[in-house]
Amino acid sequence: MPNRIHLAARGSFAYTQPAKNPTPMTAPGFPHMYSIFPYNRMPDISTAIQEVMIMSPYSGQTQRSGRRRAAGIVALALAAALGLSACTSSLQPDGNDQTTSTGTNAGGSLATDALAKLPVKGRAPKTGYSRDQFGAAWADVDHNGCDTRNDILNRDLTDKTYKAGTHDCVVATGTLNDPYTGSVINFVRGQNTSAAVQIDHVVALSDAWQKGAQQLTADQRRQLANDPYNLLAVDGPSNQQKSDGDAATWLPSNKSYRCSYVARQIGVKAKYALWVTQAEHDAMANVLAGCPSQTVPEDADATSSGSSTDDAKQNADQQSTSQGIGQNGTSADQQSSNNTGDADESGTVTYKNCDAVRAAGKAPLRKGDPGYSAKLDRDGNGVACE
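Here the structure is a predicted model, which is why all the values come from computation and not from measurement.

1. Focus on the pattern of salt bridges
- In the structure shown here, the tally under the stated rule is 12 salt bridges.
- Between Arg 123 and Asp 207 there is a salt bridge; the shortest N-O distance is 3.5 Å. Taken as a pair, Arg 123 in the loop between helix H3 (111–117) and helix H4 (148–156) and Asp 207 in helix H5 (residues 205–209) lie far apart in primary sequence, 84 residues in all.
- Residue Arg 123 is classed as partly exposed on the basis of its relative accessible area, which comes to 40%.

So, in structure tokens, the structure goes:
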């Protein structure tokens, strides 16, 4: 785009380089036309019109032809103002908008209805993306003393065993009923075997970055990367094949799971105010056409992998909570009594659980700190109640 815009005879535009002393335009009937304004410092429309009228040799005439010429100049200035305003605004891509949006909970609604509410836009540039934009990988965001990867393995695997000394945190072996392939995978923790089961971001982080996550805060992106609602333990090769694809470029080979898969993607995108591309929207709609009653999973459903057994357990937990009974069989009053640190006669501080540590304002506890104990450090990394 040129640096300055000049108005010339008969409604045309002439472009020149900026100059401290602009050269008059010499056109028939317009001997005194000068540079009006720089494109990157646009005046309001009324100012532009006034400037044009002042410079017009006909602005003070009463002849009909003079009025027509002046009116033409005013119209030209108005068109220039509107055109340049649109031009400068179009230079700002969606991905550079720094406004932070708040998402919505679409859980329980029909997936088709929730899809219809997602904005449809083009993919923003991937510029600036790195995994670090979403915080450290597998952080302990729920502060239960266990990293996110092992939390998801604990949730999605059955028949689990644990690494000794990790207080049932680090999964050593287990069985996965893989949703992506429909196959059964025997998980064995080890340098050459762990990759058989991987933790997939249902909405890939790179995809999220290009569809609205640039506008989230650092904390919101960290939450997105570690949100159980957006995480599944799956077949490793399938996860590698998916990479950062969306529904338009990749779907699970297990066709019976595709409805649940796109419904969860819709739920995640709604929760974090992310958009979909037109191709992605159409691919999702095509899948949901075969299951019109499919609902978006509730956010609480992230605590289960979707099996009827886990759903029944979740319902039982909710009923127990409503009756004032906690998951460990104690009442809410009994639990609250556990949330303080105790000191024995020797003055040694002990905490019954990480809730008590946080209630005392002492989290995280590092090895050697008063109150630190191995039972609070479930992953055995020397830092408890992270």
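2. Structural notes on the packing of aromatic side chains
- One pass over the full model with this rule turns up seven aromatic pairs.
- Through a chain of ring-to-ring contacts, three or more aromatic side chains come together here, namely Tyr 180, Trp 250, Tyr 257 and Tyr 261.

3. Here we look at empty space enclosed by the protein
- Under the criterion given, the structure shown has two cavities of 30 Å³ or more.
- By volume, the second largest cavity is sized at about 30 Å³.
- Thr 104, Asn 105, Ala 106, Gly 107, Tyr 229, Gly 267, Lys 271, Val 296 and Asp 299 are the residues that line the second largest cavity.

4. Some details on the side chain of Thr 166
- By the secondary structure assignment, Thr 166 is in the loop between strand E6 (158–162) and strand E7 (171–177).
- Given the relative accessible area of 4%, Thr 166 is considered buried.
- Of the polar contacts made by the side chain of Thr 166, one reaches the backbone oxygen of Lys 163; its length is 2.7 Å.
- For Thr 166, the side chain forms a polar contact with the main-chain nitrogen of Val 170, separated by 3.3 Å.

5. Examining the state of the cysteines
- Counting across every chain of the model gives two disulfides.
- Between the sulfur atoms of Cys 146 and its disulfide mate Cys 169 the distance is 2.0 Å. For the disulfide bridge between Cys 146 and Cys 169, the dihedral angle about the S-S bond is near 95°, and by the sign convention the bridge is right-handed. Of this pair, Cys 146 sits in the loop between H3 and H4 while Cys 169 is found in the loop between E6 and E7, placing the two residues 23 residues apart along the sequence.
- Taking the relative accessible area as the measure of exposure, Cys 146 reaches 1% and is therefore buried.

6. Structural notes on the nonpolar core
- Ranked by internal contacts, the top residues of the largest apolar core, which has 38 residues, are Tyr 180 and Ile 266.
- Of all the secondary-structure elements, those providing two or more residues to this core are H3, H5, helix H6 (218–226), strand E10 (231–235), helix H8 (258–271) and helix H9 (278–288).
- Here the element with the most residues in this core is H8; it accounts for seven residues.
- By size, the runner-up hydrophobic cluster in this structure holds 11 residues, among which are Ile 152, Leu 176, Phe 187 and Val 197.

7. So, the environment of His 167
- By the element assignment, His 167 lies in the loop between E6 and E7.
- Sequence spacing of His 167 and Lys 375 is 208 residues, and the spatial spacing of their C-alpha atoms is 6.2 Å.
- When neighbours within four sequence positions are excluded, His 167 is seen to be in contact with Ala 374, Lys 375, Asp 377 and Arg 378.

8. Details of the confidence of the model for the chain
- Chain-level pLDDT for the chain is 73 on average; 60% of the residues reach the 70-or-more range.
- The low-confidence segment residues 1–63, where pLDDT is below 50, has 99 contacts with residues more than four positions distant or belonging to other chains.
- Low pLDDT, under 50, characterises residues 301–340; the stretch is placed with 35 contacts to residues that sit more than four places away or in other chains.

9. A look at unusual backbone geometry
- A positive phi angle, close to 55°, is found at Trp 138, a residue other than glycine.
- Looking at the element boundaries, Trp 138 is found in the loop between H3 and H4.
- Its relative accessible area of 23% is what places Trp 138 among the partly exposed residues.
- Phi angles above zero are rare outside glycine, and Asp 159 is one such case at about 50°.
- You can see Asp 159 is positioned in strand E6.

10. Looking at the sheet that holds E6
- Taking strand neighbours across the sheet as the criterion, the three strands line up as E6-E7-E8 in an open arrangement whose pairing is antiparallel. Each edge of the sheet is formed by a strand with only one pairing partner; in this case those strands are E6 and strand E8 (184–188). When strand polarity is set aside, the average angle formed by the axes of neighbouring strands in this sheet is 10°.
- Of the strands in this sheet, E6, E7 and E8 touch H4, which is tilted by about 50° from E7.

11. Structural notes on H9
- Taken as a whole, H9 has its buried residues at Glu 280, His 281, Ala 283, Met 284, Val 287 and Leu 288. Here the buried residues of H9 occupy an arc of 165° about the axis, which is enough to place them on one side.
- Those residues of H9 that are buried lie in contact with H3, H5 and H8.

12. Some remarks on the pairing of E7
- A large share of E7 lies buried, amounting to five of its seven residues.
- When E6 meets E7, the two strands line up antiparallel, connected through three bridges. Across the sheet, the residue bridging to Tyr 162 is Val 171, located in E7.
- Two elements, E7 and E8, share five bridges in a ladder whose sense is antiparallel. Paired with Asn 177 across the bridge in E8 is Val 184.
- If you look at the hairpin formed by E7 and E8, you'll find six residues sitting between the two strands, and Gly 182 has a positive phi there, around 80°.

Parameters at a glance
Residues numbered from 1 in each chain as written. Predicted model: local features only at pLDDT ≥ 70, side-chain atom pairs only at ≥ 80, totals over all residues. Heavy atoms only, no water. Salt bridge = Lys/Arg side-chain N within 4 Å of Asp/Glu carboxyl O. Helix = DSSP H or I, 4+ residues; strand = E, 2+ residues; numbered from the N terminus. Buried < 20%, exposed > 50% of the residue type's maximum accessible area, 1.4 Å probe, protein only. Phe/Tyr/Trp six-rings, centres within 6.5 Å; stacked < 30°, edge-to-face > 60°. 1 Å grid on protein atoms, 1.4 Å probe; cavity = no way out; pocket = protein on both sides within 12 Å on 5 of 7 lines; lining within 4 Å. Points joined across faces, edges and corners; volume = space filled by probe spheres on them. Polar contact = N/O pair within 3.5 Å; in protein donor to acceptor, adjacent residues only side chain to side chain. Disulfide = S-S within 2.5 Å. Core = buried A, V, L, I, M, F, W, Y, C linked by side-chain atoms within 4.5 Å. Contact = heavy atoms within 4.5 Å. pLDDT = per-residue confidence, 0-100. Pairing = 2+ DSSP bridges. Axes fitted to C-alpha atoms, helices over the stretch in contact; angles between N-to-C directions. Arc of directions from axis to C-beta.

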